[in-house]
Amino acid sequence: MRGALFALIIAGVPAMAQEVTREEGLAAWERIYAVASHPRCTNCHVGAQEEPMWEGLSYGAGAVHRMGVKSGESRIGAESMPCRTCHVTAVGRETAPHAPAQIDDAWRLPPVELDWLGEDSAAVCAQLRDPERNDGHDIAGLVDHLTSSPFVAWGFAPGGGRSAPPGTPAEMARDVETWGAAGMPCG
Ligand code: HEC
Ligand code: HEC
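In this report, the structure presented in the accompanying data block is examined. Computed from a predicted model, the values in this text were never measured in an experiment. (Residues numbered from 1 in each chain as written. Chains lettered and ligands numbered in written order. Predicted model: local features only at pLDDT ≥ 70, side-chain atom pairs only at ≥ 80, totals over all residues. Heavy atoms only, no water.)

No other protein atom reaches the iron atom of ligand 2 as a donor apart from H45 (NE2), found 2.1 Å away. One can find H45 in the loop between α3 (39–42) and α4 (121–128). (Donors = N, O, S within 2.8 Å, 3.2 Å for Na, K, Ca; no water. Helix = DSSP H or I, 4+ residues; strand = E, 2+ residues; numbered from the N terminus.)

With that out of the way, let us pick up the nonpolar core. Residues W29, V176 and W179 are the most contacted members of the largest nonpolar core, which totals 22 residues. For this core, the secondary-structure elements that each account for two or more residues are α2 (22–36), α4, α5 (139–148), α6 (150–156) and α7 (169–181). If you tally residues by element for this core, the top one is α2, at six residues. Setting aside chain neighbours within four positions, we find W29 in contact with S121, V124, C125, L128, W179 and P185. Membership of the second largest hydrophobic core comes to five residues, among which are A101, I103, W107 and W154. (Core = buried A, V, L, I, M, F, W, Y, C linked by side-chain atoms within 4.5 Å. Buried < 20%, exposed > 50% of the residue type's maximum accessible area, 1.4 Å probe, protein only. Contact = heavy atoms within 4.5 Å.)

It is worth spelling out unusual backbone geometry at this point. Its identity as a non-glycine residue notwithstanding, E50 has a phi of 70 degrees, on the positive side. At M67, a position not held by glycine, the phi torsion is positive, near 70 degrees. You can see M67 is positioned in the loop between α3 and α4.

Right under this line is the structure:
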C-alpha cells in the first residue's frame, strides 16, 4: 500500500514540473512584449512625464493627450483636471470612435516606475522580472493582474475602431506562466 502510494507520487512529479525550454520561454516573452509595447498599453505606461499618450489613434507617432491633460503626482489628475471629468467610471463602455474610454475603475496612470513607453524588448523584460520595478510582483502576481485588471481587459477590447494588441488577457497570462517556468529569459 505504502509502496503504491509512493510510486503514485513519483509518477506525478514529471507531470507537475513540466519542462519548459528556454526557447519556449523566449517565444512566450516575444508575445508578451508585442502586447506590452502596443499603444493601448503604452499610452498609459508613460512614467514621470505626466501626460498620457495618444499614439495609435490617428494623431501620429509621439502624439500626447490633447486638452492639456496632466496626471500630476496623484496620477488621476487631482491637481488640475481629474481624469474622471471625461473618463467616467461606469460599467457601460463608451465605445464610440474618439470618445474617452470608460471602465469600472478610476481611469488613471500607473505608478511612475511602471513606465515602459518606447523601451525595447530587453529593457521591458528586465523590468517585468524585477519586483522592485514591476509593482512588487512575482509571476503569480503578474498573472493575477493580467486576468483581473479592468485596464488590461479594456486594452484588449477597446472598441470604437481602435486597434488592439494580439490575443486575449488569458492568453497573455498563460504566456507569462510559460515565461516564468522557463526562468524568465530575456534573450
Ligand atoms: C477633457 C476630457 C478628458 C480628460 C480630463 C482626460 N481625458 Fe483621456 N481622453 C479623452 C478623449 C476624448 C480621449 C479619446 C481620444 C481619441 O481616441 O481620439 C482620451 C483618450 C485617452 C487615452 C488614450 C487611450 C487609447 O485609446 O489608447 C489615455 C491613455 C488617456 N485618455 C488617459 C487619460 C488620463 C490618465 C487622464 C487624467 C490624468 C485623462 N485621460 C483625462 C478625454 C479626456
Ligand atoms: C488607463 C491606463 C492603463 C492602461 C490602458 C493599461 N494600464 Fe497597466 N496599469 C495601470 C495602472 C493604474 C496600474 C497599477 C496597478 C493598478 O492600479 O491596477 C497598472 C499596472 C500594470 C502592470 C503591473 C502589475 C500591477 O499589478 O501593478 C502590468 C504588467 C500592466 N499594467 C500591464 C498592462 C498591459 C499589458 C496593458 C495593455 C493591454 C495595460 N497595462 C494597459 C494603468 C493602465
